[in-house]
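Letter by letter, the chains look like this.
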Amino acid sequence: MNNFYVTTPIYYVNDKPHIGHAYTTLLADILARYHRALDVPTFFLTGTDEHGQKVEKAAKEHNMTPQEQCDTTVTRFKELWDKLEITNDDFIRTTDQHHKSIVQKILQDLYDRDLIYKAEYSGRYCVPCERFFTEKDMDDDALCPECGRGTDEIVESNYFFRMGNYQEWLIDYIKTHPDFIQPSFRANETLGFLKKPLADLCISRPKSRLSWGIELPFDADYVCYVWFDALVNYISGIGYGSDDAKFAKWWPASYHLIGKDILTTHTVYWPTMLKAMNIEMPEAIFAHGWWLIGDSKMSKSTGNVVNPMDMAERYGVDPFRYFMVSEMSLGQDCSFTEEIFITRYNSDLANDLGNFVSRAMKMIARNSNSKIPQPGPETDAEVELKTAALAAVSKMRDAIENMKLDRGLDAVMNAVRAGNRYFEQTAPWKLAKDENPERLNTVLYSAAELLNIVSALLSPVMPLKMCELRNSLGLDSNVNINQFNEWGTLKPGTEISDPGSLFPRIDTKKSKEQSNKKQPQQSKNSGKKSDKDSKSENSAGLITIDKFFETKLKTAKVLEAEKVEGADKLLKLQIDIGNEKRQIIAGIAESYTPEEIVGKIIIVVANLQPAKIRGIESQGMLLAAKNKKRLTLVTLDADIPPGLSVG
Ligand code: MSP
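Everything numeric in this text was worked out from a predicted model, so none of it was measured.

This part takes up the site of the ligand. As a matter of local geometry, the ligand sits amid 23 residues, with I10, D49, G259, D261 and W291 nearest to it. Between an oxygen atom of the ligand and a main-chain N or O atom of G259, the distance comes to 2.9 Å. In this structure, W291 approaches the ligand through a main-chain N or O atom, which is 2.9 Å from a nitrogen atom. Protein chains bury 94% of the 660 Å² of accessible surface belonging to the ligand in isolation. Where the shell around the ligand is concerned, the elements lending two or more residues are strand 2 (11-12), helix 1 (19-37), helix 7 (226-231), helix 8 (233-236) and strand 13 (255-259). Per-element tally for the shell around the ligand: the top contributor is helix 7, with 3 residues. Residues that form the shell around the ligand fall into these classes: 13 nonpolar, 8 polar and 2 charged.

Take a look at the structure:
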C-alpha cells in the first residue's frame with residue numbers, strides 16, 4: 001500500500017460526545033497507528049460538523065449564538081480525543097474560513113456548469129435528520145423513514161444538485177467495485193436504495209428558515225445544505241482547491257469510516273458529488289454497526305448515554321480502547337454494559353496478559369539478574385510458542401487489511417494464552433530450583449520475546465500500557481511491525497525493569513458500588529446480578545439469567561434462500577432482522593428446500609461473531625430442533641415482524 005488516508009465522520013456540535021462517536025474515532029486512530037507501524041505514510045482526519053439546524057437549535061436552547069455553541073462544544077470533542085490518545089493529523093471545523101471558501105468554490109463551479117439549478121420544491125422535512133423526503137419516500141403516516149419521527153410539510157424555492165444524472169453510473173460503479181462499500185451487505189443496501197429513481201438533491205436552505213450555514217455564492221438569500229457542506233470536509237481538509245500537491249498525496253481516501261446510519265449520504269450523495277466535480281472515488285467506505293446499551297438504542301431521553309470520558313477515567317484509557325475494538329465485530333451492532341466491559345477486562349487483560357507479563361518479568365528479574373538471558377537450543381515447546389507468536393503477526397496484518405481488527409486481537413490474545421500454557425508446561429520455577437540454567441534461560445528468553453512481539457502488536461490499541469511494557473523490556477516504544485516477521489530479535493543482555501501491575505484485576509463488587517453512584521442507566525438485562533450469582537455457571541451446569549441474556553435472540557424474516565454449491569446440507573439465506581439485512585449459512589438443506597423457507601419468520605442468534613462456512617460469510621445462526629436427522633425450525637405462533645427480541 002502506498003499511502004493511507006483515513007477519515008471519521010465529522011461530529012455535530014449540538015451535544016457532547018458519547019461512546020458511538022468515540023468508537024469511530026478510536027477505530028480510525030488504531031488503523032492509522034497500525035499503518036504508521038507498518039511504515040505506510042498516513043494521514044488521519046477528524047473534525048466537527050458545525051452548521052445546520054441541529055446546531056442552531058442547540059444554540060437557542062443554551063442561549064448562545066451558534067458560533068458560541070460550536071466553540072464550546074468543539075472543546076468537549078478535542079478534550080476527549082486528547083484523553084483517548086487520538087493521533088489525528090488534522091482537525092477540521094466546517095466553520096473554518098478555509099473550508100467555507102472551498103465549499104463556495106465547488107458550489108459556484110457546479111452552478112456555472114448547470115449541475116445546480118433553482119426550482120420550486122414541495123416535500124416533507126425531518127428536523128432532527130435535516131433531510132427532505134418526497135411522498136414516495138414515506139408511508140401514509142408521513143413519519144421520517146430514517147428516524148420514525150414526525151415531519152413538516154414544506155413548499156419553497158430551492159437549489160438542486162443534479163444527483164439523478166448519476167444514478168446509472170453509480171449503480172454500475174458499485175457493482176464493478178466490490179470493495180467500494182464495506183461490508184458487502186451494505187453495498188446491497190445502497191443498491192436497494194438505488195432501485196427507486198434517484199431524485200436531484202436539494203442543496204440549499206432559505207435564510208428565512210435557517211441562517212446558520214455557508215452562504216451560496218450565487219444567491220445571498222440561501223445557505224448551503226449541511227450535508228453538502230459537511231461531506232466536502234474530506235477533500236477540503238487535505239488541500240483540495242488550495243494545495244494541489246497535498247491533495248494528490250492523500251486522495252483518494254483509503255477509508256471513510258462511518259456509522260451505518262449515514263450510509264446513504266456517504267454512498268449516494270458523496271460519490272455523485274465527487275463524480276460531478278470530476279474527482280476520483282474514495283477507495284472504500286466502511287459502515288460499522290451501532291453500540292447498543294444492553295439491547296436498546298442509546299438515547300438522551302432514556303438516559304442511557306455512556307460518556308467515554310467517564311469510562312476512560314474509571315478504568316483507564318488503554319483498557320477502554322482495547323474493549324471498544326475487541327468487543328465489536330466490525331460491521332455488526334454490539335452491546336455495551338459495564339459488566340461486559342469488566343468481564344472482558346478481567347479475562348483478557350488482567351488474567352491472560354497481565355498475568356503473563358508479571359510472571360515473565362518477575363522470573364527474569366529474580367533468575368537472570370534483570371537481564372534478557374542468552375537462550376540455549378530450542379525444543380518443541382519453543383517451536384509451538386514461536387508458531388503462535390508469528391501466527392499472531394500474520395493474522396494481525398490480515399486483520400488490518402481486511403477490517404477485522406477484533407479477529408487480529410483474538411489472535412494476539414491466543415498467543416498470550418499460548419505463553420501462559422508454555423509457562424505451565426516448562427515450569428521455569430522448577431528449572432530454577434533444579435539448577436538447570438541453560439533450559440531456564442531458553443524459557444525466559446522465549447517468554448520475553450513473546451512479550452516483545454505481543455507488545456508491538458498491541459501498541460496501536462494500547463499505546464500507553466504497551467509503551468510502559470516495552471520500556472521495561474529495554475525496547476523502543478516506536479514499533480515497526482515489519483520487523484516482527486521472525487522470531488528472536490530480542491538482544492540477550494538487555495536490561496529490564498519491573499513494570500508493576502499493568503492491569504490490576506477489577507473487583508466486581510467494588511466497581512458495582514462505584515458505578516451505582518455514577519453509572520448511566522444499564523440495560524434491563526444487566527446490573528441485577530447478586531454477588532452470589534456473579535459466577536456465570538455453577539457446578540450443576542446451570543447458568544444465570546445474565547449469562548442467558550448475553551445471547552441476543554431476534555425474530556428474522558427469510559428473504560432469499562439458495563443451496564450452497566457442493567454442500568448438501570447447507571442453505572445460504574438472506575434475512576431481515578429488523579434494522580438490517582444479514583446473510584447466514586444454515587445446515588438445514590436436508591430438511592427444508594429454499595422455496596419452503598423463504599418468507600418464514602425464524603429465530604436467530606443476532607450477536608454471534610461472523611464466521612466463514614465453506615468460504616462464505618455467515619452472520620448469525622438460526623434456531624432449529626433436531627429429531628434424529630430431521631431439523632424443525634423454531635418459529636412463532638403468531639404473525640410477528642422481524643427484528644423483535646426473543647427471551
Ligand atoms: N455530522 C454527521 C456526519 C457528517 S460526515 C460528513 C453526523 N454526525 S453525528 O455526530 O450525529 O454522528 C457521527 C457518527 O457517530 C455517525 O457515524 C454515527 O453513526 C455515529 N454514532 C452515533 N451513535 C452511534 C452509536 N450508538 N454507535 C456507534 N456509532 C454511532 O452524523
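So much for the structure itself; the text now carries on.
Glancing now at the packing of aromatic side chains. Summed over all chains, the structure comprises 31 aromatic pairs. Geometrically, the ring pair formed by Y111 and F218 is stacked, given 3.8 Å between the ring centres and 10° between the ring planes. Of this pair, Y111 sits in helix 4 (residues 97-112) while F218 sits in the loop between strand 11 (215-216) and strand 12 (219-224), placing them 107 residues apart in sequence. Using a relative accessible area of 32% as the deciding quantity, one classes Y111 as partly exposed. Its relative accessible area of 16% is what places F218 among the buried residues. For the pair F161 and Y166, a centre-to-centre distance of 6.1 Å together with 25° between the ring planes defines the contact as stacked. Grouped by ring-pair contacts, the aromatic residues Y5, F43, Y234, Y240, F247, W250, W251 and W270 constitute a single cluster. Here the basic side chain of K78 rests over the ring of F91, its NZ or CZ set 4.8 Å away from the ring centre. The ring of Y592 has R630 sitting right over it, with the charged end atom 5.3 Å from the ring centre.

For the rest of this paragraph, the subject is the confidence of the model for the protein. Chain-level statistics for the protein give a pLDDT mean of 90 and a share of 93% at 70 or above. The model gives residues 519-541 a pLDDT under 50, and that stretch makes 40 contacts with residues more than four places away or in other chains.

Moving on to unusual backbone geometry. The residue after Q182, namely P183, is reached through a cis peptide bond having omega -10°. Looking at where P183 falls in the secondary structure, it is placed in the loop between strand 8 (181-182) and helix 6 (184-193). Put simply, W251 and P252 share a cis peptide bond, and its omega is 5°. Looking at the element boundaries, P252 is found in the loop between helix 9 (244-250) and strand 13. Even without being glycine, A142 reaches a positive phi, approximately 60°. Tracing the chain through its elements places A142 in the loop between strand 6 (131-133) and strand 7 (152-161). Of the residues examined, A142 reaches a relative accessible area of 17% and is grouped as buried. Positive phi outside glycine occurs at M403, with the angle close to 55°. Mapped onto the secondary structure, M403 falls in the loop between helix 14 (380-401) and helix 15 (405-426).

Definitions and cut-offs
Residues numbered from 1 in each chain as written. Predicted model: local features only at pLDDT ≥ 70, side-chain atom pairs only at ≥ 80, totals over all residues. Heavy atoms only, no water. Near = heavy atom within 4 Å. Polar contact = N/O pair within 3.5 Å; in protein donor to acceptor, adjacent residues only side chain to side chain. Areas by Shrake-Rupley, 256 points an atom, 1.4 Å probe, with all protein chains shown as cover. Helix = DSSP H or I, 4+ residues; strand = E, 2+ residues; numbered from the N terminus. Nonpolar A, V, L, I, M, F, W, Y, C, P; charged D, E, K, R; others polar. Phe/Tyr/Trp six-rings, centres within 6.5 Å; stacked < 30°, edge-to-face > 60°. Buried < 20%, exposed > 50% of the residue type's maximum accessible area, 1.4 Å probe, protein only. Lys NZ or Arg CZ within 6 Å of the ring centre and 35° of its normal. pLDDT = per-residue confidence, 0-100. Contact = heavy atoms within 4.5 Å.

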